[in-house]
Amino acid sequence: MRRVREKRPALIVRFARRLGWCPGRVASEVLEWIEVLAVAGLLAFLVMSFVTVRMHVPTGSMIPTIDPADSFFVDRISYLFRDPKPGDIVVFWHSDRVTVAEVEDDSVAALVGVEPGARVETVNHEAVFDAAGADRVIESLAEGTVVYLGVEGSLPLEIGIKTAEYATLEDLGVRLRDHRIRYVKRLIATGGQVVQILDGGVFVDGYRLLGERFDRNYTAGDPRMKYGVEPTLVPEGKLYVLGDNTGNSWDSRYWGFVDENDFIGEPYFRVWPFSRLGAMNGYFGSS
């Protein structure tokens, strides 16, 4: 008669026994479930961190290609081995807003009413989109220039004078915080290429980008548009991106370039709504 082979205890149960505890049948089953859930959680974490991520576009900046209600998966792993191409839809981290994280007691900023949590809009009337950009504005000022901080809902506040000693916002008693979210845009140009928006079209290295993906009017009357108005060299290690809904897209025309290190991946499969279910962005033969 063939001997029935006993089920081998779960790893966590064997580990408990090695520690001197011999769990009973019920405790062993509970430990086995804990092990299963822990392994599933670890696998989910690894997949979402390094393979794919599910997301949606929070605004209408990519209409009609992607609607705000669309939910899709993003390919992260293949871009460890290849680079995104101009024309692709890309996902990346970007600063959505900048706020005051801390104000030093007894600083001029504290005395004039700058408060933690306030949203920062300008430094010396220059729009800022991240903490580093705020410091770049101050760096560009001549010594002896009064520094003004523009926060939401207030007139610009005088917070000090630019000197060799006070050359950043933190030197002036104000520490900023970037609030970063995932953005979705279309890649137009990469480091070393020259981009220009002219007569509604977008030109890269002197050639107009043609085809359905670029059949849009990229000219905007917004005075904040400054990147690409004239021939603009994309710095090495940077990306220039635009939204498909060009009249309602906050993109490289306004805030400049995306760091390649902030690149996440590309959308490849739409899962919601069901009426739009399917591959996207050139994956599996899609348009």
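Look up a bit, the structure's there.
What counts, and where the lines are drawn
- Residues numbered from 1 in each chain as written.
- Predicted model: local features only at pLDDT ≥ 70, side-chain atom pairs only at ≥ 80, totals over all residues.
- Heavy atoms only, no water.
- Buried < 20%, exposed > 50% of the residue type's maximum accessible area, 1.4 Å probe, protein only.
- Helix = DSSP H or I, 4+ residues; strand = E, 2+ residues; numbered from the N terminus.
- Pairing = 2+ DSSP bridges.
- Salt bridge = Lys/Arg side-chain N within 4 Å of Asp/Glu carboxyl O.
- Contact = heavy atoms within 4.5 Å.
- Patch = residues over 30% accessible without salt bridge, like charges linked within 9 Å, V, L, I, M, F, W, Y side chains within 5 Å.
- Areas by Shrake-Rupley, 256 points an atom, 1.4 Å probe, with all protein chains shown as cover.
- Core = buried A, V, L, I, M, F, W, Y, C linked by side-chain atoms within 4.5 Å.
- Phe/Tyr/Trp six-rings, centres within 6.5 Å; stacked < 30°, edge-to-face > 60°.
- Arc of directions from axis to C-beta.

Engineer: So what exactly am I meant to see when it comes to the pairing of strand β10 (residues 201-204) here?
Structural biologist: Consecutive residues of a regular strand have side chains that alternate between opposite faces of the sheet. The alternating pattern of β10 places Gly 201 and Phe 203 on one face and Val 202 and Val 204 on the opposite face, and all of these are buried. Where strand β9 (residues 194-198) and β10 come together, four bridges link them in antiparallel fashion. Across the sheet, residue Leu 198 finds its bridge partner in β10, namely Gly 201. Between the end of β9 and the start of β10, which pair antiparallel, lie two residues, with Asp 199 showing a positive phi angle near 55°. As judged from the two bridges shared by β10 and strand β11 (residues 207-208), these two strands associate in the antiparallel manner. In the sheet register, Phe 203 faces β11, and the bridge partner there is Arg 208.

Engineer: Any chance you could explain the sheet that holds β9 here in plain terms?
Structural biologist: In spatial order, the strands read β11-β10-β9-β12; together these four strands make up an open sheet with antiparallel pairing. Both edges of this open sheet fall to β11 and β12 (232-233), since each of them pairs with a single strand only.

Engineer: How should the pattern of salt bridges be read in this particular structure?
Structural biologist: It is possible for side chains of opposite charge to pair when their charged atoms get near one another. Tallying each qualifying case throughout the model produces twelve salt bridges. The salt bridge partner of Asp 70 is Arg 270, with a shortest N-O separation of 2.8 Å. With Asp 70 in the loop between β1 (52-56) and β2 (71-75) and Arg 270 in strand β15 (residues 263-272), the pair connects residues that are 200 residues apart, well separated along the chain. As far as the burial class goes, Asp 70 and Arg 270 line up, both buried. Glu 102 is the salt-bridge partner of Arg 175, the closest N and O atoms lying 3.1 Å from each other.

Engineer: Explain the environment of Tyr 218 here, please?
Structural biologist: With respect to the helices and strands, the residue Tyr 218 is situated in the loop between β11 and β12. The exposure class assigned to Tyr 218 is buried, which follows from its relative accessible area of 1%. Sequence separation between Tyr 218 and Leu 198 is 20 residues; the distance between their C-alpha atoms is 8.2 Å. The contact partners of Tyr 218, leaving out residues within four places of it in the chain, are Ile 197, Gly 200, Gly 201, Val 202, Arg 213, Met 225, Leu 242, Gly 243, Thr 246 and Arg 253.

Engineer: Whenever I open this one, a nonpolar patch on the surface confuses me. Can you help?
Structural biologist: There is a patch of nonpolar side chains on the surface, built from Val 26, Val 30 and Ile 34 and spanning about 250 Å² of accessible area. The topology assignment puts Val 30 in helix α2 (residues 25-50). Judged by its relative accessible area of 45%, Val 30 is partly exposed.

Engineer: Even after reading the chapter, I still don't get the nonpolar core, so can you show me in this structure?
Structural biologist: By size, the foremost hydrophobic cluster in this structure holds 22 residues, and its most contacted members are Val 123, Leu 149, Ile 159, Leu 169 and Leu 176. Breaking this core down by element, the ones donating at least two residues are β3 (89-103), β4 (120-123), α4 (131-140), β6 (146-151), β7 (157-161) and β8 (174-190). When residues in this core are grouped by element, the largest group, four residues, is from α4. Sequence-distant contacts of Leu 169, that is, excluding residues within four places in its chain, are made with Val 123, Ala 134, Asp 135, Ile 138, Leu 149, Ile 159, Val 174 and Leu 176. Grouped together as the second largest cluster of nonpolar side chains are 14 residues, Ala 189, Val 195, Val 204 and Phe 214 included.

Engineer: Just to check I follow, could you spell out the packing of aromatic side chains for this structure?
Structural biologist: For any pair of aromatic rings, the description consists of the separation of the ring centres together with the inter-plane angle of the planes. The final tally for this structure, using the stated rule, is eight aromatic pairs. With 5.9 Å between their ring centres and 55° between their planes, Phe 92 and Tyr 183 make a pair best called tilted. Within this pair, whereas Phe 92 is found in strand β3, its partner Tyr 183 is found in strand β8, the two being separated by 91 residues in sequence. Judged by relative accessible area, which is 2%, Phe 92 ranks as buried. On the basis of relative accessible area, Tyr 183 is assigned to the buried category, the value being 10%. Plain terms: the ring middles of Tyr 183 and Trp 255 are 6.3 Å apart, the flat faces sit at 70° to each other, and that makes the pair edge-to-face. With a gap of 72 residues between them, Tyr 183 in strand β8 and Trp 255 in helix α5 (residues 252-255) connect regions that are remote in the sequence. Just as Tyr 183 is buried, Trp 255 falls in that class too. A network of ring pairs unites the aromatic residues Phe 92, Tyr 183 and Trp 255 as a single cluster.

Engineer: Would you mind showing me how to read α4 here?
Structural biologist: Counting along an α-helix, one turn takes 3.6 residues, and residues three or four places apart therefore face a common direction. Inspection of α4 places Ala 131, Gly 133, Ala 134, Val 137 and Ile 138 among the buried residues, and these make up the whole buried set. All buried residues of α4 fall inside an arc of 165° around its axis, so they share one side. Summarising the geometry of α4, the exposed residues directed more than 90 degrees from the buried face are Arg 136, Glu 139 and Ser 140. Structurally, α4 contributes buried residues whose contacts are with β3, β4, β5 (126-127), β6 and β8.

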